[in-house]
Amino acid sequence: MNRAGIRAERRAGWLFSAPALLAIALFFVLPTIASLVLSLTDFDIYALADIRNLRFVGLANYGELLGDPLFRTALGNTLWFVVLGVPLVVTVSLAAAILVNERTVAWRPVWRVAFFAPYVATLVATAVVWKYLLHTRYGLVNYALGGLGLPPVDWLGDPRWAIPAITLFVAWKSFGYAMLIFLAALQTVPRELDEAARIDGAGWWARLRHVTLPAIVPATGLVAILTIIAMFQLFAEPYVMTEGGPAQSTITVLYLMFEEGFQWWNLGTGAAVAVVLFVCILAAALLPALAMRLWRARRT
Amino acid sequence: MTGGLSRRELIAAGAATAMLGGCGRSDGLNFWAIGNEATALPPILSRIGLTSVDVQPLPWSGAHQKLLTGFAGESLPDFAQVGNSWLAELAALNAIDPVPAGLELGTDHFASVLASNRIGGHLVAVPWYVDTRVQFFRKDIFARAGYETPPLDWAGWKAALTRIRLQSGGETYGVLLPLDEFEHLQTMALSGGAAFLRENGTRGAFSSPEFREVLGFYKSLFDERLAPIVTGTQIANRWAEFARGWFATYSSGPWMIEEMRTRLPAPMQALWGTMPNPGPDGAGAAAPGGSSLVVFSGGRRKRETWDAVRRLLGPAAQLALHRATGDLPARRSVWREADLARDPVVAAFARQLELARPLPEVPEWERVVTAMQVVADRMVRGEYTVRGAAAEMDAQVDDILAKRRWMMEQGRLA
């Protein structure tokens, strides 16, 4: 292709992507920059009344956040949700996907629907049911524990148990979606490889380890990244289950941002929380991507 | 498509109707009402001849945010129902008009309600209906412990709760004080004469001897297992627990009367009653609550709007609102004329309203009491001593009020 042709093609390319780029600039880049600027001010209800009450405070919001025990609690809780939730969701969804992918399992469509149903069910309705399941005195979970001779646990009322209880709820609610991704990946695993391994005398476990799992590494990476992002952005579940309690032990970073920004109208602090969260998610989501790159480099 | 409208025609017709609807709205006054009042209002409005008012209902959970975003987006209506505790915030925004002289009803309002609506010397909102909190108690449980009604002084009240706890063999708690609700500690602090804030509402006064004593009393109720360590979100159904006898008394507002009457089973109806809150030595105080009517400064038809407010405060409209929602009228003359205190359940509210004490009027109030309650919650769970909790509350509240102090120093606040 000659130079003029390349130039024309390049122009056409820009022209075609322009609407999308414009939308991204208008609805993503601009608000991000705006909230970055907002996070350097003390925008609050007084500034809303009269913009002359707005002070430019530099990095003071960030300094205060780092010194704020509540922010550290929120960050710690969020990391705790990530550490508990991501392995749980990845394992459970992978196990479910393998189960519904097995041709020997009967009623496979029924299993698939049953596993996927929680993902499409309304969050608030399911939260009400779970609150009853986890109830200290009338809950099914404690009833089962009692049957095993264990003492009852105050699931949502004890600061130590509230996060595991909510993680359980989140995992139950969201593993169906990850299962779907795994299921799609499992169906691309070449059947010939599996059969060849079987003829060579490989057992179920050996085939899973050496044939299936290596084939679905990209899907695992994708599920890990999506789950990490979802866990960092946890808000609705603690909001409907505990409202951040007991004693703020289930408050997450996003919950803190909502409180600062929309409940107390401290948009400056709220924007600073948003920026910190953005950086955290970016860093955490890069980890699985990096791990996958390393894995690929080692293989070749 | 044959015979019928084409899709394009349908869309055009829809758009035209939407536009007409938009125009139609603009010739009535716009009014934002919240919760039950919004549902009850339309028939009342037509009865008092205010057919030109468009009522837009808001839920309680979203109303506060909606008012602030409405202000930021310059889309506030002509007038609105506003929770009394939000008035300081709206006044700080210069969003509301002061009440004209002709509408000040003076002593026909409850003094504490009027005081909390007066900000910077101006009456900024007309009380519409009032509420406060009283104890809802189980007559049978108190009777079994040898009390006809709960004693009204703290020492006697606590002794009664202890007896109830002992007699039930640990099944029944004396009082329910959900740890995520600041109202209970707030009521006790008002009863104990604590000030909450000092230096013109720019610093916390939680380390004062009065507040520390209240805090110690509050903590002792949990330490002695007279109140369960639970948050409100943990209790699936408060009425069922009350009927089951899980606790003997609980403080709540007039909205609870109707709930009790509809949710409790028939045999329970004779077994509950209301009493004023206990205080250090005799009936205690409570915060004056309820809603007021405000007229926004951005409205264009102020005269007409204030006239609508005047009509909503007429005795007939006040009584109709009470009949429809159970809201307690803001005008004392309406109470007398309709003899509302004849109902023994409502009588406790009448007595408590006379004993109400206004809260500090700072826009940050909701945040202040939320911070107070979070620290109190952690104190009950053993993280702080009473003295340590009071110091922590002061530190957090001083932080919340930092901007207010700066505004004061700059002379930007009256």
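Residues numbered from 1 in each chain as written. Chains lettered and ligands numbered in written order. Predicted model: local features only at pLDDT ≥ 70, side-chain atom pairs only at ≥ 80, totals over all residues.

(A) Spatial organisation of the overall build of chain B. Along its length, chain B carries 18 helices and 14 strands. For a compact globule of 414 residues, the expected C-alpha radius of gyration is about 22 Å, and chain B comes in at 24 Å, within 12% of that figure. Referenced to the eigenvectors of the C-alpha coordinate spread, the extents of chain B come out at roughly 80 × 60 × 50 Å. A total of 414 residues make up chain B; the buried ones form 45% of that total. (Helix = DSSP H or I, 4+ residues; strand = E, 2+ residues; numbered from the N terminus. Rg over C-alpha atoms; globule rule 2.2 N^0.38 Å. Buried ≥ 20, exposed ≤ 12 C-beta atoms within 10 Å, placed from the backbone.)

(B) Quick look at the packing of helix α8 (residues 183–191) of chain B against helix α9 (residues 209–223) of chain B. All names here are of chain B. α9 packs onto α8 with a crossing angle of 135° between their chain directions and a minimal axis gap of 9 Å. Taken together, the axis directions place α8 and α9 in an arrangement best described as oblique. Viewed along their axes, α8 and α9 form a crossing whose handedness is right-handed. Residues Leu185, Met188 and Ala189 of α8 pack against Phe211, Val214, Phe217 and Tyr218 of α9. (Axes fitted to C-alpha atoms, helices over the stretch in contact; angles between N-to-C directions. Parallel < 35°, antiparallel > 145°, perpendicular 65-115°, else oblique. Left-handed = near helix turned anticlockwise from the far one by under 90°. Contact = placed C-beta atoms within 7 Å.)

(C) Local environment of the interface of chain B and chain A. At the interface, 23 residues of chain B touch 21 residues of chain A. Among the elements of the structure, α3 (60–72), α4 (87–92), α16 (365–380) and α18 (402–409) of chain B are those that each provide at least two residues to the side of chain B that touches chain A. Its residues assigned to classes, the side of chain B that touches chain A shows 10 nonpolar, 5 polar and 8 charged. (Nonpolar A, V, L, I, M, F, W, Y, C, P; charged D, E, K, R; others polar.)

(D) Local environment of α16(B). All names here are of chain B. For α16, built from 16 residues, the straight-helix expectation of 22 Å at 1.5 Å per residue is met to within 8% by its first-to-last C-alpha distance of 22 Å. The buried fraction of α16 amounts to 13 of the 16 residues, a majority that puts the element mostly inside the structure. Phi for glycine 382, located one or two positions after α16, is positive at around 95°. (Expected span 1.5 Å × (residues − 1).)

(E) Main features of the sheet that holds strand β8 (residues 173–176) of chain B. Residue and element names in this part refer to chain B. An order of β8-β11-β7-β12 is seen for the 4 strands of this open sheet, with the pairing classed as mixed. Among the strands making up the open sheet, the edge pair consists of β8 and β12 (272–275). Between one strand axis and the next, the sheet turns through 20° on average, direction left out of account. Where β8 lies against strand β11 (residues 247–252), 3 bridges are found, and the strand directions are parallel. In the sheet register, leucine 176 faces β11, and the bridge partner there is tyrosine 250. On top of the sheet, helix α15 (residues 344–354) reaches β7 (134–138) and β12; it is set at about 15° to β12, its chief contact. (Pairing = 2+ DSSP bridges.)

(F) Quick look at the domain arrangement of chain B. Residue and element names in this part refer to chain B. In terms of domain boundaries, chain B breaks down into domain 1 (11–131 + 289–338) and domain 2 (134–286 + 362–409). Relative placement of domain 1 and domain 2: their C-alpha centres are 31 Å apart. Residue-level contacts link 9 residues of domain 1 with 9 residues of domain 2. For the side of domain 1 that touches domain 2, the leading source of residues is α4, giving 3 residues. Residue composition of the side of domain 1 that touches domain 2, by class: 3 nonpolar, 3 polar and 3 charged. (Domains from an automatic or database assignment.)

(G) Local environment of the domain arrangement of chain A. Here chain A is described as being made up of domain 1 (1–30) and domain 2 (68–299). In this structure, domain 1 of chain A and domain 2 of chain A have C-alpha centres spaced 38 Å apart.

(H) Main features of unusual backbone geometry. Residues and elements named next belong to chain A. A positive phi angle is found at tryptophan 107, which is not glycine, with a value near 55°. Relative to the elements of secondary structure, tryptophan 107 occurs in the loop between α4 (69–101) and α5 (108–120). Backbone geometry at tryptophan 265 places phi at a positive 65°, although glycine is not the residue there. In this fold, tryptophan 265 is placed in the loop between α13 (253–263) and α14 (267–299). Given 23 C-beta atoms within a 10 Å radius, tryptophan 265 is considered buried.

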